[in-house]
Amino acid sequence: MLRRTVDHTDQSSEFTKLQRPLDHFRARTKRLQVHPAERTVLWVVCIHLVFLPWAIGTMRPWGQIISLCLAALSFVLSLVPRNYTEDHTGAASFRLLTFPKLLRFPIFWLGLALLGLVTLQGMNPAWMYATDGRLFWMAKLPYNEWLPPGVDVPFEQWGPWRMLVIYASAWLTVCAIWIAFTRRRTVQLLFMTLAFNGLLLALFGIAQRMLGNGKMFWFFESPNPSFFSSFIYKNHGGAYLDLTLAVSCGLASWYYLRGLRRMEKSNPSGVLVFFATCIAVSVLISYARGATLVMLLFLLLCIGAFVVHQIITPSENRRPVIVFVLVVIFAFFLKTGLDALRSREAWDRLKAGVMREDLSLEMRERATQASLEMLQENWKAGVGAGSYRFIFPIYQHRHPDLVERSGQRMYWEHAHNDILQMPIELGLTGMLLLLAGGAWYAFALVRSYFWENPLSGSVVLGLVLVAAYGWWDFPFQCPAVLITWCTLWTAITMWTQFEELNLKP
C-alpha cells in the first residue's frame, strides 16, 4: 500500500512553528453555523439512541415501535431540502437536496434488500405457532419452497414481523445520519451524547449494585434475575457499555492529541477518561464475563497504543507530568471504586467461567454444536428472522443434555452464538447482504486510513471486539446493542472522511 503524503507521526519543529499563526487565525475566524435542519435531525437521532438502552434495552414491543417511529421521523426530516446561506457556508448561498446522496449510499440498497427478504419470510410461513396455554408447538404449513420461509407467530412472540421493525429502525437511522450530517461537529456531538449516556447508565448500574432492592428501577420486577442497569440481561448491558467505552476512550484520545497540536492549556480529555473509568468499573461489576473480557482486551490494546505514541512523539510535544498525574488520579479512583463495590465477586465469577468451573460455557458449546447441525440443513433459505427459538427444539431433542438440566426442561430462545444464529435465520441471501455491507464499511474506512485517527481506531476496535463477542453470546438480539452498533459504523465512517478532508494540504 502506498504511503500517504501527510505523515502524522512526524510532528516536526517546523509544524509547531506554523501551528501558532494557524491557531491565531482559527481564533479570529467565525465558526460556521450548523444548518437548523441538520441540528433537528441530530436532536431526533440523539433522543432515539439515548432512548434505546433506557427502554429496558428496547426488548419489549412498545419500545421497538417507539424506536421505529423515532427512526422514521429522523429519516423524513433528513430528506427535507435545505437552503444554505453565507452563515452556513462562508461563501455563496445554495439549495441542497439530500435525496441524491441517499441513492448513492450502498447501505440504503443493501438494507432495503434485507428488509424485503424478511418481509418475504413473514409472508411465506412454513410453520405456525400453536399453544394450549401451557405448552406451545409448531404446526407444519404448506409454503412456497422457491421463497425464503418463516414462521407464523404472534407479534409479541418475536418472529419475522417483529424483527422487521427492529431492522427497519436500524436501517432508517443509518440512512438518516448518512444523508443529514454534513459537518464534523455534528458527528462529534453524536459521539459525545453516546459517551455521556454510557456514563449515566454506568452510574445507574453502580447505584443499583450498592442500593438496589432486587428490582429494575427499584419498582419493576425483571423477568430475568441477572439484570444490570436498565438492561433485562446483564450481558446485553455489558455489551452496550463496551460500545460506549470505545467511544469515550476514542474521544479522550482525540481531544488529547488535538490539545498537543494546538498547545491548549486544557481540554475535555480528562473528563472523558473519567467517563471511561466509570464505564469500565460498571462492566466489571455487571458480572457479564464475556463483556468484561472484551473490556479488558480493549483497554490493554488502548494502553499499548498510547505507550507506542508516547515513544514516537517528539520530546517537545510530550507532557509526561500531566499524563502521570492523570494516571495516578484515575488509578486511585478505579481502585477505590472497585473496593467499595466488592469487585472480588466479579473477578471470582470471571475466573470460574474462564477456568470452566461452572457449566455455562460447556452448555453453550453444546448448543453451538446443535446449532451447527441446524445451519447445515437450513443454510440456503434460513428459517426466518426471529424464528430460531421456534425451530431449534427439533435439533435440541437430538441432544438430551440440552433438553433437561437438574430436573427442569430447558428452553433455548437464542443460540448464545450470534455468528451462527444470524445465518440460520437469514440464510445465504441475508448473510451475503450483511457481508456486502460490512465490506463497504471496511473499504471506506481503509481508504481513509482510519487507524491514523485515534477516535476512528478506538471505535472500530470496539465494534470489532463486540462482534467477536457474538461468537459465545447473543448481544445483537438486543435492539439497543444492534441499532447502536450499526449506527456507530456509519458515524465513524463519516468522521474518518471528515477528518481526512481537514488534513489534506
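Up top is the structure these notes are about.
Residues numbered from 1 in each chain as written. Predicted model: local features only at pLDDT ≥ 70, side-chain atom pairs only at ≥ 80, totals over all residues. Heavy atoms only, no water.

1. Considerations on the pairing of strand β4 (residues 136-140)
Summarising the sheet, strand β3 (residues 125-131) and β4 pair through 5 bridges and their orientation is antiparallel. Paired with A130 across the bridge in β4 is W137. Adjacent in sequence and paired antiparallel, β3 and β4 are bridged by 4 residues, among which G133 carries a positive phi angle near 95°. (Pairing = 2+ DSSP bridges. Helix = DSSP H or I, 4+ residues; strand = E, 2+ residues; numbered from the N terminus.)

2. With respect to helix α6 (residues 106-123)
An ideal rise of 1.5 Å per residue puts 26 Å on 18 residues; α6 measures up with 26 Å between its terminal C-alpha atoms. Regarding α6, the residues found buried are I107, F108, G111, L114, L115, L117, V118, Q121 and G122. Against α5 (99-103), β3, β5 (150-152), α7 (160-180) and α16 (418-447) lie the buried residues of α6. (Expected span 1.5 Å × (residues − 1). Buried < 20%, exposed > 50% of the residue type's maximum accessible area, 1.4 Å probe, protein only. Contact = heavy atoms within 4.5 Å.)

3. Section: the packing of aromatic side chains
For the structure on display, the rule yields 28 aromatic pairs. With a centroid separation of 6.4 Å and 40° between ring planes, the pair formed by F217 and F219 is classed as tilted. Judged by relative accessible area, F217 falls into the partly exposed class, the value being 22%. Aromatic side chains W254 and Y255 sit 5.0 Å apart centroid to centroid with 75° between the ring planes, which places their arrangement in the edge-to-face category. Counting every residue linked through ring pairs, the aromatic cluster contains F105, W178, W440, Y441, F476, W485 and W489. The ring of F155 carries the charged tip of R162 above its face, separated from the ring centre by 5.8 Å. If you follow R162 out to its NZ or CZ, it ends over the ring of W158, 4.1 Å from the centre. (Phe/Tyr/Trp six-rings, centres within 6.5 Å; stacked < 30°, edge-to-face > 60°. Lys NZ or Arg CZ within 6 Å of the ring centre and 35° of its normal.)

4. Re the sheet that holds β3
Reading across from one edge, β4-β3-β5 is the order of the 3 strands in this open sheet, with mixed pairing throughout. Two strands bound the open sheet, and with one partner strand each, they are β4 and β5. Neighbouring strand axes in the sheet, compared pairwise and without regard to direction, differ in orientation by 35° on average. In terms of strand pairing, β3 meets β5 through 3 bridges, oriented parallel. Residue pairing for β5: P125 is matched across the bridge by G150. (Axes fitted to C-alpha atoms, helices over the stretch in contact; angles between N-to-C directions.)

5. So, the nonpolar core
Membership of the largest hydrophobic core comes to 104 residues, with the highest contact counts inside it found for F181, L190 and F191. At 14 residues, α7 tops the list of elements feeding residues into this core. Residues in contact with L190, not counting those within four places in the same chain, are L42, V45, C46, L49, I177, F181 and A491. Among the nonpolar cores identified, the runner-up in size contains 20 residues, and V153, A367, A370 and L420 belong to it. (Core = buried A, V, L, I, M, F, W, Y, C linked by side-chain atoms within 4.5 Å.)

6. Remarks on a nonpolar patch on the surface
Among the surface-exposed residues, I303, F306, V307, V308, I311 and I312 lie close enough to one another that they form a single nonpolar patch of about 540 Å² accessible area. By the element assignment, V307 lies in helix α11 (residues 289-312). (Patch = residues over 30% accessible without salt bridge, like charges linked within 9 Å, V, L, I, M, F, W, Y side chains within 5 Å. Areas by Shrake-Rupley, 256 points an atom, 1.4 Å probe, with all protein chains shown as cover. Salt bridge = Lys/Arg side-chain N within 4 Å of Asp/Glu carboxyl O.)

7. Details of unusual backbone geometry
Notably, T58 is not glycine yet its phi reads approximately 60°, a positive angle. Within the fold, T58 resides in the loop between α2 (36-54) and α3 (61-78). You can call T58 buried: its relative accessible area is 1%. Despite not being glycine, W158 has its phi angle at roughly 75°, a positive value. Position of W158 relative to the elements: it lies in the loop between β5 and α7. For W158, a relative accessible area of 10% gives the class buried.

8. Some details on the pattern of salt bridges
Side chains bearing opposite charge may pair, as long as their charged atoms lie close to each other. Taken as a whole and assessed by the stated rule, the structure comprises 6 salt bridges. Here R184 and E499 are joined by a salt bridge, their closest N and O atoms 2.4 Å apart. Separated by 315 residues along the polypeptide, R184 in helix α8 (residues 184-211) and E499 in helix α18 (residues 479-503) bring together distant segments of the chain. You can call E499 buried: its relative accessible area is 9%. A salt bridge links R364 to D473, with the nearest nitrogen and oxygen atoms 3.4 Å apart. With a gap of 109 residues between them, R364 in helix α14 (residues 360-378) and D473 in the loop between α17 (454-469) and α18 connect regions that are remote in the sequence. Among the residues examined, R364 registers a relative accessible area of 14% and is labelled buried.

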